[in-house]
Amino acid sequence: QGECSRKCYDIFVLETVCVAWFSFEFLLRSIQAENKCAFLKTPLNIIDILAILPFYISLIVDTVSTKNSSKPGGGAGNKYLERVGLVLRFLRALRILYVMRLARHSLGLQTLGLTVRRCTREFGLLLLFLCVAMALFSPLVYLAESELGAKQEFTSVPTSYWWAVISMTTVGYGDMVPRSIPGQVVALSSILSGILLMAFPVTSIFHTFSRSYSELKEQQQRAASRQMRQLEESTKLLDGDSTRRLSVTFPPGAAGQEGQPALDQEAK
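Residues numbered from 1 in each chain as written. Predicted model: local features only at pLDDT ≥ 70, side-chain atom pairs only at ≥ 80, totals over all residues. Heavy atoms only, no water.

Participant: Mind showing me how you'd approach a nonpolar patch on the surface here?
Facilitator: On the surface, Val99, Leu102, Leu109, Leu112, Val116, Phe123, Phe209 and Tyr213 cluster together into a nonpolar patch covering about 670 Å² of accessible area. Among the secondary structure elements, those contributing two or more residues to the nonpolar patch are helix 6 (107-118) and helix 9 (181-249). With respect to the helices and strands, Leu112 occurs in helix 6. Note on Leu112: relative accessible area 45%, which makes it partly exposed. (Patch = residues over 30% accessible without salt bridge, like charges linked within 9 Å, V, L, I, M, F, W, Y side chains within 5 Å. Areas by Shrake-Rupley, 256 points an atom, 1.4 Å probe, with all protein chains shown as cover. Salt bridge = Lys/Arg side-chain N within 4 Å of Asp/Glu carboxyl O. Helix = DSSP H or I, 4+ residues; strand = E, 2+ residues; numbered from the N terminus. Buried < 20%, exposed > 50% of the residue type's maximum accessible area, 1.4 Å probe, protein only.)

Printed below as a string of structure tokens:
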């Protein structure tokens with residue numbers, strides 16, 4: 001009916017509080033950063049911007065649409081807002097990027113991102129192997145099923161690409177199944193080749209992941225030990241300052257000399 005229910009309003013309030021907190025935290029970090037350009041180019045900060053901006057954009061667009069709908073001649077504005085409705089829904093879907101903020105506090109997600117950045121060549125090889133195998137087995141299963149199959153599930157070669165991808169990477173979806181003996185032989189060959197092709201680059205990716213995890217863990221340990229040393233040094237400096245102040249206020253020979261100020265004794 002165009003009205004916001006109580007549950008919708010409560011969720012909106014909760015989202016507003018969360019976005020306000022994230023915005024305040026992002027603003028503080030941007031003010032503290034020495035190099036603003038390098039700060040904005042960081043991948044996690046870009047994700048923060050993409051996760052925060054859709055809320056404000058949708059809020060502005062909803063406000064403008066409400067004002068235009070209340071005006072008598074606001075039909076053209078409403079049509080324009082309807083055109084950008086798809087873009088607005090896409091921006092609202094970007095709010096799922098809030099989950100990526102966990103990467104700041106999760107060693108596993110940081111390791112995953114570092115592994116993806118270091119293994120771009122291995123991932124490229126994996127995609128290349130899959131594309132070659134898909135281009136090989138899709139026409140074969142289409143020919144086998146179109147000539148000898150009892151059911152016409154494989155209607156074209158492009159539709160066979162979907163079957164080849166899910167058969168080589170997973171256990172299969174089940175919507176397209178070869179019925180003939182030649183089609184089943186081709187399916188068995190594609191499944192076995194998919195297992196082998198996935199195993200070749202995955203070994204290198206796993207070693208990179210374990211190495212990246214060890215490096216990040218060592219960095220965290222060094223950072224923790226550095227903070228402990230700084231805390232100990234600051235504590236020692238505070239203890240030294242307090243001892244020095246006590247020695248200035250109450251010098252050791254001040255009690256034996258009457259009528260001599262403590263500061264004169266310290267000066268001597």
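From this point, things continue past the structure.
Participant: How should the pattern of salt bridges be read in this particular structure?
Facilitator: Proximity of charged atoms lets side chains of opposite charge pair with each other. Within this structure, the stated rule accounts for four salt bridges. The salt bridge involving Asp10 is made with Arg6; its shortest N-O contact spans 3.6 Å. Of this pair, Asp10 and Arg6 both sit in helix 1 (residues 6-32), four residues apart, which is roughly one turn of that helix. Under the relative-accessibility criterion, Asp10 is labelled partly exposed at 37%. Residue Arg6 is classed as exposed on the basis of its relative accessible area, which comes to 60%. In this structure, a network of salt bridges that share partners links the residues Glu25, Arg29 and Asp48.

Participant: What is the right way to look at the layout of surface pockets in this model?
Facilitator: Rolled over the atoms, a probe with the dimensions of a water molecule shows which regions are left empty. One number sums up the size of the largest pocket: a volume of about 380 Å³. Every residue lining the largest pocket is counted, 14 residues in all, and those nearest its centre are Leu44, Leu109, Gln110, Gly113 and Arg117. Elements with a contribution of two residues or more to the lining of the largest pocket: helix 3 (43-70) and helix 6. Sort the elements by how many residues they give to the lining of the largest pocket and helix 6 lands first, with six residues. Residues belonging to the lining of the largest pocket are distributed by class as follows: nine nonpolar, three polar and two charged. (1 Å grid on protein atoms, 1.4 Å probe; cavity = no way out; pocket = protein on both sides within 12 Å on 5 of 7 lines; lining within 4 Å. Points joined across faces, edges and corners; volume = space filled by probe spheres on them. Nonpolar A, V, L, I, M, F, W, Y, C, P; charged D, E, K, R; others polar.)

Participant: How do you make sense of the packing of aromatic side chains when you look at a structure like this?
Facilitator: Each aromatic ring pair is specified by the distance between its two centres and by the angle formed by the two planes. Tallying each qualifying case throughout the model produces four aromatic pairs. Pairing Phe26 with Phe39 gives two aromatic rings, centres 5.5 Å apart and planes at 40°, and the pair type is tilted. Taken together, the positions of Phe26 in helix 1 and Phe39 in helix 2 (residues 36-41) put the pair 13 residues apart, joining distant regions of the chain. For the pair shown, Phe26 and Phe39 are each scored as buried. (Phe/Tyr/Trp six-rings, centres within 6.5 Å; stacked < 30°, edge-to-face > 60°.)

Participant: Help me understand the side chain of Ser160 in this model?
Facilitator: Looking at where Ser160 falls in the secondary structure, it is placed in helix 8 (residues 157-169). Apart from residues lying up to four places away in sequence, Ser160 is in contact with Ser138, Val141, Tyr142, Phe154 and Met176. (Contact = heavy atoms within 4.5 Å.)

Participant: Help me understand the packing of helix 7 (residues 120-148) against helix 8 in this model?
Facilitator: Helix packing for two helices is described by the angle between their axes and how far apart those axes are. Between helix 7 and helix 8, whose axes approach to 8 Å, the crossing angle comes to 120°. Regarding the angle of helix 7 to helix 8, the classification is oblique. Crossing geometry of helix 7 relative to helix 8 is assigned as right-handed. Every residue of helix 8 that contacts helix 7 at Leu130, Ala133, Met134, Ser138, Pro139, Val141 and Tyr142 is listed here: Val157, Ser160, Tyr161, Trp163, Ala164, Val165, Met168 and Thr169. Along the lines of polarity and charge, the residues of the contact of helix 7 with helix 8 split into twelve nonpolar, three polar and no charged. (Axes fitted to C-alpha atoms, helices over the stretch in contact; angles between N-to-C directions. Parallel < 35°, antiparallel > 145°, perpendicular 65-115°, else oblique. Left-handed = near helix turned anticlockwise from the far one by under 90°.)

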